[in-house]
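Read off the chains here:
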Amino acid sequence: MKQIVYFLLIFLFSFNLSAQNKYDLVIVGGNPGGITAAIAAARMGKSSVILERTAYIGGLPANGLGATDIATRMATTGLFLEFVNRIKDHYVQTYGKDSQQVKDCSDGYHFEPSVATKVFNEMLDEYKSKITVLTMRQFDSDPVNLDMYNDRIQCIRVLNRLTNVVEEYSASVFLDATYEGDLGAAANVPFRIGREGKDEFNEPGAGKIYKFWGGPEAQGTTFQPDNAVQAYNYRLCLTNNPSNKTTVQKPANYNRSEYVSLIEDVFTGRNTQVDMMQVTSEMMDKNRMLILKGQPTQLPGDVWGIHKITNMVSVPNSKTDANNQHRAFISTDLQEENWPWPTASWEWRDRYAQRLKEYTLGLIWFAQNDAELPSHFRKEALKWGLAKDEYADNGNFPRQVYVREGRRFEGLHFFTAKDAVPVSAGSRPPVYTNSITASHYALDSHAVLKREKGRIHLDGFLSYPTAVYTVPYGVIVPKSVDNLLLPVPVSGSHIGFSTLRMEPCWMAMGQAAGIAASLAIDKDVKVRNVDINLLQTELLLQHATLIYYKDMLPDNPHFTLVQAMGLRGYLPDWEARLNDPVDAETIKQWSLLAGRKLSVGAGETTRVKLLTEIFEMLKH
């Protein structure tokens, strides 16, 4: 009898433990895309668990990326815009609406790492009953760490890094919100790493390429494909406020030889800007003489002091988002050594993270202290240090590597440069009727190789213009696994991914993934069979923008109308011009799209009234 009771208790305990680890959604990765997915799903009544490997959620915005990467601010809205508005509210409430901090937050698009962390936590806390956040949970990308049946993930196993115990989590839908794509790879979703050649998709900047920043392609460019991965770095939070500045110390594994080429760059002013096309050796010699006389650099395109090695954008409280300097041959990016990261073990990644940290600290220490550098250069560089009120438990250094690109999956839609570049001058890129967000950033990749003798820039460092584009649902949907979505390691080429990889777009795709997962559960369908109309309707209810218009914001009463008709092709221009009288050419085009003759004359009504009539007609 005692044995029966004992086994019954064990069974009940196991059942309860299993039930506790069962959710509607399991989200691997506490990055912004994972956070917005959980919130969007919670708003539809769904439960989720976020499994984050580190001790903190928030990804890169919580680790130094405080100058938001978005070219057209109102192109991406929804939960991303909620985050931005909460950032601004924080500074207004903390310092007053006329404060310098509010001015420096740039309407909420610029922020300190600690404020991003605070806002993300506040957004999650509002859905405590639906969202469970578990930190220090490591998913290792190996098929043995998940169970699949009939093309569906049944459960996954993660390591609790605090207890060293393996835990099991099951759900109806799983989301890969990791920068690396670890869950999708374990589920055997096909992926790519490296650079496609130009001959595959005819993309600008594809393959091996050298170009001045802002200039044309140059010698050495072959456009050939390879396995190179764009460089990673840390987004540093630096300050020149003496009361909040910590002095950078020489790291234990300092290697001066890594940085010595900077010395000649400082004296000559050599840089990678397009201005260098007009620079002569005589001009660089003159620059050297000026610096030897105690003056700063005068060479076109060059910068001085700490700016020579890092590109800084101001955020509130005299801090900066300090990124890699695109003008420089030597900066905070550590090329080549990161190539294994996307598919490497966490043991290897941790070693690389430490190596990158020491390299970065060594670079700053070199710029501030090396005796062969001009004394007035060092003096300027020494004005800056790590902000002592950020990352107090990590030596004031970011906790997370900036993984710009990991695995790129091959989903239902493979995003390439053509999806982000205007079809013709002044027009839009292709408009996708199954859009889940609008977005806008340049085609932007960091270098893949370290400095090479005779080259005008680092291989692969590039930027090409785009226009505001639509992101089709298929970029987050794998072709085979029925209950998996990929809102961060999305489907695309190296160049196509280079514009999607910005946090605003990741947050928007995460929001769409959370809604799509909820609909898949409600309708009992595969994620690739989710009704796009239902998905878009819910996205609009959550204030997302599916197609961008310069004269149309989400609070406009006609916003939903414009979104629906814009995706149907009725409003191809950049402005909706709803209050304008309808002209003859517009009536003709709209009649063709509607499939019937519209009984209205030119100037007899406004565009908004006629659009509304057509919209109601189409619904029936």
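Definitions and limits used
Residues numbered from 1 in each chain as written. Predicted model: local features only at pLDDT ≥ 70, side-chain atom pairs only at ≥ 80, totals over all residues. Heavy atoms only, no water. Helix = DSSP H or I, 4+ residues; strand = E, 2+ residues; numbered from the N terminus. Rg over C-alpha atoms; globule rule 2.2 N^0.38 Å. Buried < 20%, exposed > 50% of the residue type's maximum accessible area, 1.4 Å probe, protein only. Lys, Arg positive; Asp, Glu negative; His and termini not counted. Charge placed at Lys NZ, Arg CZ, Asp CG, Glu CD. Phe/Tyr/Trp six-rings, centres within 6.5 Å; stacked < 30°, edge-to-face > 60°. Pairing = 2+ DSSP bridges. Contact = heavy atoms within 4.5 Å. Expected span 1.5 Å × (residues − 1). Arc of directions from axis to C-beta.

Draft legend 1. Spatial organisation of the overall build of the protein chain. The helix and strand tally for the protein chain stands at 17 helices and 19 strands. Computed over the C-alpha atoms, the radius of gyration of the protein chain is 26 Å, within 12% of the 25 Å expected from 2.2 N^0.38 for a compact globule of 620 residues. Considering only C-alpha atoms, the protein chain reaches an extent of 90 × 80 × 55 Å along its principal axes. Counting the 620 residues in the protein chain, one finds 59% classified as buried. Charge centroids of the protein chain, computed over 65 positive and 69 negative side chains, lie 2 Å from each other.

Draft legend 2. Molecular detail of the packing of aromatic side chains. Applying the stated criterion across every chain yields a total of 22 aromatic pairs. Taking 6.5 Å as the distance between ring centres and 85° as the angle between the ring planes, the aromatic pair formed by Tyr232 and Tyr352 counts as edge-to-face. With Tyr232 in the loop between helix H7 (198-201) and strand S9 (236-239) and Tyr352 in helix H10 (residues 346-369), this residue pair connects regions lying 120 residues apart in the sequence. Per residue, the accessibility class of Tyr232 equals that of Tyr352, and both read buried. Seen in terms of ring centroids, Tyr234 and Phe397 are 4.7 Å apart; in terms of plane orientation they differ by 70°. Their pairing is edge-to-face. Separated by 163 residues along the polypeptide, Tyr234 in the loop between H7 and S9 and Phe397 in the loop between strand S13 (385-387) and strand S14 (408-409) bring together distant segments of the chain.

Draft legend 3. Spatial organisation of the pairing of strand S1 (residues 22-28). In terms of residue burial, S1 counts as a mostly covered element, since 5 of its 7 residues are buried. By the bridge criterion, 6 bridges tie S1 to strand S7 (residues 165-176) in an arrangement that is parallel. Of the residues in S7, the one forming a bridge with Val28 is Asp176.

Draft legend 4. Here's a closer look at the side chain of Asn244. Relative to the assigned elements, Asn244 resides in the loop between S9 and strand S10 (245-246). In this structure Asn244 touches Thr239, Lys319, Leu386, Ala387, Lys388 and Asp389, once residues within four positions along its chain are discounted.

Draft legend 5. Local environment of the sheet that holds strand S12 (residues 319-324). Strand order across the open sheet formed by 5 strands is S10-S13-S9-S12-S11, with antiparallel pairing between neighbours. Strands at the two margins of the open sheet, each flanked by one partner only, are S10 and strand S11 (310-315). With 2 bridges connecting them, S9 and S13 associate as antiparallel partners. Following the sheet pairing, Thr239 is matched in S13 by Gly385.

Draft legend 6. Structural view of helix H17 (residues 607-619). In a regular helix each residue adds 1.5 Å, so 13 residues correspond to 18 Å; H17 covers 18 Å between its end C-alpha atoms and thus fits that length. Buried within H17 are the following residues: Arg607, Val608, Leu610, Leu611, Ile614 and Phe615. Looking straight down H17, one finds its buried side chains confined to an arc of 160°; they lie on one side. Projecting away from the buried face of H17 at angles above 90 degrees are the exposed residues Lys609 and Glu613.

Honestly, that's just the spatial picture; any functional story needs more than this.
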